[in-house]
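Results of the structural survey
Residue strings, one per chain:
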Amino acid sequence: MSSSNLRVALVGSTGYTALEVARLLLTHPGADLVVATSRQDEGKPLSEIHPMLAGRCDVTLQPLDADVIAKSADVAMCCLPHGASAESVKQLADAGMRVIDFSADFRLSSLETYEHWYGVKHPWPERIGNVVYGMPEFFADEIRSADIVANPGCYPTSAIMPLAPLVKAGLIETDDIIVDSKSGVSGAGRSPKLGTLYCETNESISAYAVGTHRHAPEIADLVERIAGAPIEVMFTPHLTPMDRGILSTIYVKPAGKAGSVEDAVRVMMSLLRDTYSDQPCVHVVDHLPATKYVAGTNHVQISVRPSGKRAVIVCAIDNLTKGASGAAVQNMNVMFGLPETAGLLM
């Protein structure tokens with residue numbers, strides 16, 4: 001630990017995303033984990049909750065006290081659940097801290113949309129629509145000066161990355177987009193639930209929240225913000241019997257008179273390559289992406305194929321890294337002027 005390193009506080013430390021943050025910070029050359037909080041496990045070593053950290057992390061869990069944390073840390077990563085996170089983020093921000101929030105409490109631009117989809121009253125409504133979305137590929141300038149960054153959702157990352165540039169360029173029809181996504185079980189969190197027990201998920205794949213998943217409005221909202229055009233998305237998530245990873249298969253129709261679908265796909269691939277040519281974490285590839293190609297990394301792989309009258313976009317990410325904790329470390333790096341990929345397996 002260096003006295004000149006950025007000091008990081010982890011708020012809500014018992015879940016998978018918190019473990020992933022701690023794991024990434026172990027090898028970060030310019031940042032150290034110095035505070036970790038938990039309401040239920042106060043006084044325990046973080047390594048007791050996450051044995052992977054044994055012998056490598058000596059942080060002890062403490063209660064959330066924003067004023068105390070602000071004296072010890074420069075930035076807080078808030079890994080609390082949706083609906084519960086906003087109040088803690090407000091306390092930390094009021095105490096003078098910069099905060100990266102993992103929940104959906106500040107991602108959407110409309111208070112009405114948030115309260116409809118999440119079913120709770122927002123405790124800090126004046127900040128809805130006034131918090132930068134944590135995707136440096138599109139919002140790096142705003143992230144650099146932000147007091148609060150809304151870390152993206154995992155499913156939305158895998159859809160926004162390929163869709164936003166194509167919509168912005170007018171290359172696809174915006175009223176008929178189908179996003180079929182498959183996620184590892186870690187995406188459901190660490191708390192035990194019947195649907196994520198081993199016997200329920202092993203040797204099985206299942207759709208869930210059909211037509212009702214909360215990430216659908218986030219996808220539409222962010223593509224519209226980036227591309228300046230509204231879209232209609234049919235989004236269906238699936239749970240797959242693996243620990244981590246997301247594979248999104250996206251079906252779109254080429255816009256206008258682009259010639260053959262094959263020609264349209266070539267244009268799409270060229271545009272995506274140009275868009276992400278200087279982005280270290282996003283790769284437009286000729287092969288079909290797969291979750292194992294990005295597992296444990298902050299990489300995004302995207303490719304496009306023709307199929308009948310549609311183009312099929314395939315995007316793979318790791319839901320715990322680029323879909324959550326890796327994105328948070330990337331955002332932290334941008335916020336504090338560190339190399340964007342510092343601490344990330346590249």
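Here the structure is a predicted model, which is why all the values come from computation and not from measurement.

Cut-off values and rules
Residues numbered from 1 in each chain as written. Predicted model: local features only at pLDDT ≥ 70, side-chain atom pairs only at ≥ 80, totals over all residues. Heavy atoms only, no water. Salt bridge = Lys/Arg side-chain N within 4 Å of Asp/Glu carboxyl O. Helix = DSSP H or I, 4+ residues; strand = E, 2+ residues; numbered from the N terminus. Buried < 20%, exposed > 50% of the residue type's maximum accessible area, 1.4 Å probe, protein only. Core = buried A, V, L, I, M, F, W, Y, C linked by side-chain atoms within 4.5 Å. Domains from an automatic or database assignment. Contact = heavy atoms within 4.5 Å. UniProt positions renumbered as here; feature names shortened; annotations may be inferred. Pairing = 2+ DSSP bridges.

So, on to the pattern of salt bridges. In the structure shown here, the tally under the stated rule is 17 salt bridges. The salt bridge partner of Lys90 is Asp94, with a shortest N-O separation of 3.0 Å. Of this pair, Lys90 and Asp94 are both found in helix H4 (residues 85-94), 4 residues apart, which corresponds to roughly one turn of the helix. Classification of Lys90 by relative accessible area gives partly exposed; the value is 23%. Overall, the relative accessible area of 54% leaves Asp94 in the exposed class. Asp263 is the partner of Arg266 in a salt bridge, and the nearest nitrogen-oxygen pair spans 2.3 Å. One end of the pair, Arg266, and the other, Asp263, are both in helix H10 (residues 261-275), 3 residues apart, so they sit about a helical turn from each other. It is possible to trace a salt-bridge network through shared partners that takes in Glu20, Arg23, Arg244 and Asp318.

Quick look at the nonpolar core now. In this structure, Met77, Ile100, Leu163, Ile302 and Met332 are the most contacted members of the largest nonpolar core, which totals 78 residues. In terms of residue count, helix H7 (residues 154-168) provides more of this core than any other element does, 9 residues in total. A domain-level breakdown of this core finds at least three residues from each of domain 1 (6-151 + 324-336) and domain 2 (155-317). When residues no more than four places from it in sequence are discounted, the contact partners of Leu163 are Ile172, Ile177, Val179, Val223, Ile250, Val252 and Ile313.

The next point concerns the UniProt feature "active site" (unreviewed entry) in the chain. The feature "active site" (unreviewed entry), as given by UniProt, occupies Cys154 in the numbering adopted here. Structurally, Cys154 is set in helix H7. Since its relative accessible area comes to 14%, Cys154 is described here as buried. Beyond its immediate chain neighbours, meaning those up to four positions away, Cys154 contacts His215, Ile246, Ile317, Asn319 and Gly323.

Okay, the pairing of strand S11 (residues 246-252) next. The element S11 is extensively covered by neighbouring structure, given that 5 of its 7 residues are classed as buried. Relative to S11, strand S8 (residues 177-183) runs antiparallel, the two sharing 6 bridges. Across the sheet, Ser183 pairs through a bridge with Ile246, a residue of S11. Here S11 runs beside strand S14 (residues 310-317); their pairing, made up of 7 bridges, is antiparallel. Each bridged residue has a counterpart across the sheet, and for Thr249 the counterpart in S14 is Val314.

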